[in-house]
Amino acid sequence: MGVAALDGTRPFGIRESSWSHDFKDEYPKQWNETLGWLKRALADAAATRDRQRSDAPSRLAELRRLLRERTGASLFEGSVENVTLHAVDGANAFAYTVTASVGISYVGQVYAPEQQEVVGVVVYTSGRDGSGFSPNPAIEGYLASGFLVIVPWFAKERKSLKGVEDVKGRHWYAYPDYETIHNLAFIAGASLAGMEAAEAQHASVGVMQAVGLSHATPLVVDFRGRHTLTSAVACALYPEWADVCVLHSDAASLLDQQQEDVRANTIWAFHKDFDGLTLFQLAHKTRWMFVGETASSPDLYARAYVWCADHQVAPPRVARCAPDTLSASVRSILGESNETSTKVAIVPGGERVGLEERYLHSLHSKFDVLDRLHEQARRTKEARYPLDRITPAEYRDRVQDAMRAVVGEPLPRAEDPNVRTRRVEVDAPYALYEVLMESLPEVNVAGYLMIPTGKGPFPAVICQHGLGGRPESLVGLGGSWIYYQLGRVLAEKGCVVFVPFMNWGWGGVPYRDQLAKHAYALGLASFAPEVAQLHAIVDFLVSRSEVRSDRIAFYGLSYGGHAAVWLCSQEPRLAAVVCAGHFNDWQRKLTSTEIASPMTVPRSYICVEEGLDMFNFNVLNLLGHPELATAQAPRPFLVENGLMDAVSPKAWVEASFQRVQQVYTWLGAPQAAALTHFPGPHRVWAEESLLFLREHLQYGSTPPN
């Protein structure tokens, strides 16, 4: 192995050139550097948010509007239409069904004090899946203090529909209930927290009406674990709703570090504008009880306490207590303004129904509402791009605006790309280099560069591997056969080839989710750093005398095909793009439970437990693959699809490609877009695609003078 650097670039540094350095190790390093950049961006966002913190009514109104928009809570709000109480075994324990006008049936359980003299209502969840009607010590404490306790049955952390066949095929859903709801809500511009905030409010209003309690009855919210976010969001969205919100020792991390919470607790762009103290400000009529084991103040408690002192809020809206005095402390706070109690009359009117059956009915009602939102989103997206009423310029502007909304604003570029190269000795008609360069500040892009021998300049192709793949497979240094060593083939045919490492392919689902959670908290798609990576690679290729800057193409397979539509739609300098093994009807690919040939089971992403990164916020209302593929039209675009490829069923591909062809025809370039099927599985086929690249890159021809 040599150490020579490519002319005009810097040699590898000491770290990269050490005897123990393996270029393949750049994969996890690149991932870690990307995560580090996201963490720094979150810290910067928090500092900006704190500097801009304001109590001006107009600012708080704008924040509440943003919170409603990003949680999607309004999509699940309505009026309470019917309430039924069901008898169950056990004294003073009941089940409820609250039907809302939005079409969801909310279910849960109710506990009443033995004497049924109620001083207030507690809406409670332990943060874990409940089972049966055995009250835990926390509920018993509230009952002993005279509270009626309502326990909503939120979506559970299990796959309740698995094996329970139904006509809509939901038994194929691969995620636990709460993650399924989150994913299906997120792509329609909503969130699990938004749905459950509306559920908590509807359930409490309905049950209180059913047992004869007035809206003036004091109400306490005590949600724990992952539901802490739901309780704080609900209090902020509905400031007239709760008198007290109970926060436990993990509240500060759950509200101020959402990116570290479980993957389904995700609100788009939350930390650009919100943290625990922001929600505290919005919930201006709610008092906050912090529960802790020690005398030290949790950070969130201290910040809220100082805020009250600075703004002369009297009596203070924050208090502390030990866990064993929680119910008494809550009653004491309420006692300052409420000394009365009300006798409730609970008369079960509903039939005895199995608990699991009632929960499944509620779950299906939530999915029914999400199905309607998805269909509405499809119509919204179609109406956004009416070719008979807009100009090509307006079409492109609308696509670009939609991409900014889904992907986020462009990221800052590294001031110095700091390109470093090292030659690898190979017996081939091209020179092979390992390449490192910066895309974002302090984030390195790693890849292989192949330069043909002979007189340039040459056209260039960026070849992107897929999920779980390796760039070495494209370069010809070993690896999977499915890539056909395409980079080597193109280099031998007279193309400069760059084969980048992919951040999102490293480390499996947990690592993909970690990037996604941090990105989503900033209002970025998880692949936003990859857009910056592509820009840096094109910058580098354009700068090279060996490359024809007007003849740079992109080929991507599988998740590389994902890059071909999402990344290339934002890079206008590419002369042609090939998307292999990915192009789809994106709504069906995300949500469908149908079995389309050659699939033998549903292979949409909701039916294949994967990472969060495919489920982009509000994408169904804004973008599909046709819009992404035509963002730079009439640039030549080819879809390469295997008839045995279950990732991209022929029927889905063709249905979506019809729209691509329609747009290209509208632009007067019907021949510039093409779809080719081949009789093979999920792999590089490279027959029509090589002909396509030769036609549009003119490789092998005499270069211009």
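Here, every reference points to the structure presented above.
All values reported here derive from a predicted model rather than from experimental measurement.

**Q** So what's going on with the nonpolar core? Which residues, and what values?
**A** Counting residues in hydrophobic clusters, the biggest one holds 219 residues, and the most contacted among them are Leu148, Leu541, Trp566 and Leu623. When sequence neighbours within four positions are dropped, the list of residues in contact with leucine 623 reads Lys381, Tyr385, Val399, Ala402, Met403, Val406, Trp566 and Leu628. Core analysis: the next-biggest nonpolar cluster, separate from the first, contains 23 residues, Ala93, Ala95, Tyr124 and Val291 among them.

**Q** Explain the side chain of aspartate 256 residue by residue, including any values.
**A** Tracing the backbone shows aspartate 256 in helix α8 (residues 251-256). Exposure remark for aspartate 256: the relative accessible area of 14% places this residue in the buried category. When sequence neighbours within four positions are dropped, the list of residues in contact with aspartate 256 reads His271, Asp275, Gly276, Asp299, Leu300 and Arg303.

**Q** Describe a nonpolar patch on the surface, with residues and values.
**A** Side chains of Trp172, Ile595 and Val601 sit close together on the surface and give an oily, nonpolar patch of about 240 Å² of accessible area. Summarising the element assignment, valine 601 is placed in the loop between α20 (586-591) and α21 (619-622).

**Q** Tell me about the pattern of salt bridges, and please be specific about residues and values.
**A** Scanning all chains against the criterion turns up 45 salt bridges. As a salt-bridge pair, arginine 303 and aspartate 256 come within 3.5 Å of each other at their nearest N and O atoms. With arginine 303 in helix α11 (residues 299-310) and aspartate 256 in helix α8, the pair connects residues that are 47 residues apart, well separated along the chain.

**Q** Residue-level account of the sheet that holds strand β16 (residues 458-464), with values.
**A** Read from one edge to the other, the open sheet built from 10 strands follows the order β1-β13-β14-β15-β17-β16-β18-β19-β20-β21, with strand pairing classed as mixed. Two strands lie at the open edges of the sheet, namely β1 (10-11) and β21 (673-678), each paired on one side alone. Examined bridge by bridge, β16 and strand β17 (residues 496-500) share three bridges and lie parallel to one another. Looking across to β17, one finds that alanine 460 is bridged to valine 496. Set on the sheet, helix α2 (residues 26-51) makes contact with β14 (430-438) and β15 (444-452); between it and β15 the angle comes to about 135°.

**Q** Go over the sheet that holds strand β8 (residues 219-223) with me, naming the residues and quoting the values.
**A** What the nine strands build is an open sheet, ordered β2-β3-β4-β7-β6-β8-β9-β10-β11; its pairing is mixed. Whereas interior strands pair on both sides, the edge strands pair on one side only; in this sheet they are β2 (80-87) and β11 (318-321). The average angle at which neighbouring strand axes cross in this sheet is 25°, direction not considered. The pairing of strand β3 (residues 93-100) with strand β4 (residues 105-111) spans seven bridges and is classified as antiparallel. Its bridge partner lying in β4, threonine 97 is registered against valine 107. Helix-sheet contacts for helix α7 (residues 228-237) involve β8, β9 (244-247) and β10 (287-291), and the interaxial angle to β8 is about 150°. Sheet strands in contact with helix α12 (residues 326-335) are β7 (147-152), β8, β9, β10 and β11, and its direction is about 160° off that of β10.

**Q** Outline the packing of aromatic side chains, listing residues and values.
**A** Enumeration over the complete set of coordinates arrives at 28 aromatic pairs. Arranged with centres 5.5 Å apart and planes meeting at 80°, the rings of phenylalanine 154 and phenylalanine 223 form a pair that is edge-to-face. Of the two residues, phenylalanine 154 is situated in the loop between β7 and α5 (177-186) and phenylalanine 223 in strand β8; the sequence distance between them amounts to 69 residues. Judged by relative accessible area, phenylalanine 154 falls into the buried class, the value being 5%.

**Q** Account for the layout of surface pockets, naming residues and giving values.
**A** A volume near 810 Å³ is recorded for the largest pocket. Ranked by residue count, the leading element in the lining of the largest pocket is α2, at seven residues. Its residues assigned to classes, the lining of the largest pocket comprises 20 nonpolar, 10 polar and 10 charged. As for the second largest pocket, its lining consists of 24 residues, of which His215, Thr217, Glu240, Trp241 and Asp243 are closest to the centre. Of all the secondary structure elements, the ones that give two or more residues to the lining of the second largest pocket are α6 (192-210) and α12.

**Q** Could you give me a rundown of empty space enclosed by the protein, with the residues and numbers involved?
**A** Under the defined criterion, the tally for this structure stands at seven cavities of 30 Å³ or more. Per-class residue counts for the lining of the largest cavity are one nonpolar, four polar and four charged.

**Q** With reference to specific residues and values, describe unusual backbone geometry.
**A** The linkage connecting glycine 456 with the following residue, proline 457, adopts the cis geometry, with an omega of 5°. Among the secondary structure elements, proline 457 is positioned in the loop between β15 and β16. Cis peptide bonds are those with omega within 30 degrees of zero, and the linkage from serine 597 to proline 598 qualifies with 10°. Here proline 598 lies in the loop between α20 and α21. Despite not being glycine, glutamate 442 has its phi angle at roughly 70°, a positive value. For glutamate 442, a relative accessible area of 55% translates into the label exposed. A positive phi angle is found at asparagine 618, which is not glycine, with a value near 60°. Mapping asparagine 618 onto the fold places it in the loop between α20 and α21.

**Q** So what's going on with the environment of glutamate 688? Which residues, and what values?
**A** Take glutamate 688: it is sitting in helix α24 (residues 688-697). Distance from glutamate 688 to lysine 285, taken between C-alpha atoms, is 66 Å for residues 403 residues apart in sequence.

**Q** Give a description of the environment of tyrosine 359 that names residues and reports values.
**A** Along the chain, the position of tyrosine 359 falls in helix α13 (residues 355-384). Residues tyrosine 359 and serine 332, spaced 27 residues apart in sequence, show a C-alpha to C-alpha distance of 35 Å. Beyond its immediate chain neighbours, meaning those up to four positions away, tyrosine 359 contacts Val107, Trp153, Phe154, Ala155, Lys156, Arg158, Ser160 and Asp177.

**Q** So what about the pairing of strand β6 (residues 120-125)? Which residues, and what values?
**A** With six of six residues buried, β6 lies mostly within the body of the structure. With burial as the criterion, each face of β6 is covered, one bearing Gly120, Val122 and Tyr124 and the other bearing Val121, Val123 and Thr125. Here β6 pairs with β7 via four bridges, running parallel. From the neighbouring strand, glycine 120 faces β7, where its bridge partner is phenylalanine 147. When β6 meets β8, the two strands line up parallel, connected through five bridges.

**Q** I'd like a description of the packing of α2 against helix α17 (residues 509-521), backed by residues and values.
**A** For the pair α2 and α17, the least separation of the axes is 9 Å and the interaxial angle reads 25°. The orientation of α2 with respect to α17, classified from their angle, is roughly parallel. Here α2 runs over α17; the crossing is left-handed. Facing Trp31, Thr34, Leu35, Leu38, Lys39 and Leu42 of α2, the residues of α17 in contact are Tyr511, Gln514, Leu515, His518, Ala519 and Ala521. Of the residues that constitute the contact of α2 with α17, the class distribution is eight nonpolar, three polar and one charged.

**Q** Describe the environment of alanine 73, and please don't skip the residues or the numbers.
**A** Here alanine 73 shows up in the loop between α3 (57-71) and β2. Alanine 73 sits 124 residues away from alanine 197 along the chain, and the two C-alpha atoms are 7.1 Å apart. Contacts of alanine 73, omitting those with residues within four sequence positions, involve Arg68, Gly194, Ala198, Leu237 and Tyr238.

Definitions and cut-offs
- Residues numbered from 1 in each chain as written.
- Predicted model: local features only at pLDDT ≥ 70, side-chain atom pairs only at ≥ 80, totals over all residues.
- Heavy atoms only, no water.
- Core = buried A, V, L, I, M, F, W, Y, C linked by side-chain atoms within 4.5 Å.
- Buried < 20%, exposed > 50% of the residue type's maximum accessible area, 1.4 Å probe, protein only.
- Contact = heavy atoms within 4.5 Å.
- Helix = DSSP H or I, 4+ residues; strand = E, 2+ residues; numbered from the N terminus.
- Patch = residues over 30% accessible without salt bridge, like charges linked within 9 Å, V, L, I, M, F, W, Y side chains within 5 Å.
- Areas by Shrake-Rupley, 256 points an atom, 1.4 Å probe, with all protein chains shown as cover.
- Salt bridge = Lys/Arg side-chain N within 4 Å of Asp/Glu carboxyl O.
- Pairing = 2+ DSSP bridges.
- Axes fitted to C-alpha atoms, helices over the stretch in contact; angles between N-to-C directions.
- Phe/Tyr/Trp six-rings, centres within 6.5 Å; stacked < 30°, edge-to-face > 60°.
- 1 Å grid on protein atoms, 1.4 Å probe; cavity = no way out; pocket = protein on both sides within 12 Å on 5 of 7 lines; lining within 4 Å.
- Points joined across faces, edges and corners; volume = space filled by probe spheres on them.
- Nonpolar A, V, L, I, M, F, W, Y, C, P; charged D, E, K, R; others polar.
- Parallel < 35°, antiparallel > 145°, perpendicular 65-115°, else oblique.
- Left-handed = near helix turned anticlockwise from the far one by under 90°.

Honestly, it's all geometry; don't read function into it.
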